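# Inside the fold
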Amino acid sequence: TSQGAANQSSITAIGSVVEGTVVTLALSRVGADIAMYIDGVDATDTAGVHVDPVATTNTMKVGIRENLVSEPLNGPISAVKIFSYALNADQQMQKHINLSNNWE
């Protein structure tokens, strides 16, 4: 997240996603905390404090930085879903199971 000149980051451990594999990646935000799930399992290695981005003019980006050049995702993004509530760990796992059972 970002606002003004400040940015906050939450990251997974290096090697959490192996190139050439299909994974489900999910983010869940509760207050200032963001948890990242890979294949239904919490993979958050470093959790930032994500304050509400009320002063930003940025729009949401998935798979690339705000400048639309830096750190692009190498691969397709599909089955994008946004919920109006944070999914807990059990719900994240169930979404992963549902998606992985329907991959073509």
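It should be noted that the structure appears before, not after, this text.
Sequence order as written defines the numbering, with residues in each chain counted from 1. Note on the predicted model: pLDDT of at least 70 is required for a residue's local features to be given, and 80 or more for side-chain atom pairs to be given and counted; whole-chain, interface and lining totals, by contrast, use all residues. Where side-chain values are given, they derive from all heavy atoms of the structure, hydrogens and water being excluded.

A side-chain nitrogen of Lys or Arg and a carboxyl oxygen of Asp or Glu constitute a salt bridge if their distance falls within 4 Å. A full pass over the atoms with the stated rule returns two salt bridges. Across the pair Lys-61 and Glu-66 runs a salt bridge, and its minimum N-O distance is 3.3 Å. When a residue's accessible area, from a 1.4 Å probe over protein chains only, is under 20% of the maximum for its type it is buried; when over 50% it is exposed; and in between it is partly exposed. Under the relative-accessibility criterion, Glu-66 is labelled partly exposed at 37%. A salt bridge links Arg-65 to Glu-71, with the shortest nitrogen-to-oxygen separation between them at 3.3 Å. A relative accessible area of 43% means that Arg-65 is categorised as partly exposed.

As a further point, take the environment of Asn-74. Here Asn-74 lies in the loop between strand E7 (44-46) and helix H1 (89-100). Distance from Asn-74 to Gln-94, taken between C-alpha atoms, is 26 Å for residues 20 residues apart in sequence. At 3.4 Å, the side chain of Asn-74 and the side chain of Glu-19 are in polar contact. Helix and strand definitions here come from DSSP, where helices need a minimum of 4 consecutive H or I residues and strands a minimum of 2 consecutive E residues; each element is numbered from the N-terminal end. Under this definition, polar contacts are N or O atom pairs within 3.5 Å; protein pairs additionally need one hydrogen-donor-capable and one acceptor-capable atom, and for neighbouring residues in sequence, both atoms have to be side-chain atoms.

On to a nonpolar patch on the surface. A surface patch of nonpolar side chains, about 660 Å² in accessible area, is lined by Met-60, Val-62, Leu-73, Ile-77, Val-80 and Ile-82. Considering the arrangement of structural elements, one finds Ile-77 in the loop between E7 and H1. Residues enter patches when they are more than 30% accessible in relative terms and free of salt bridges; like-charged ones are connected within 9 Å and nonpolar ones (Val, Leu, Ile, Met, Phe, Trp, Tyr) within 5 Å. Here the accessible surface of atoms and residues is derived via Shrake-Rupley with a 1.4 Å probe, and residues count as covered only by protein chains that are part of the display.

It is worth stressing that arrangement in space is one thing and function is another; only the former is reported here.
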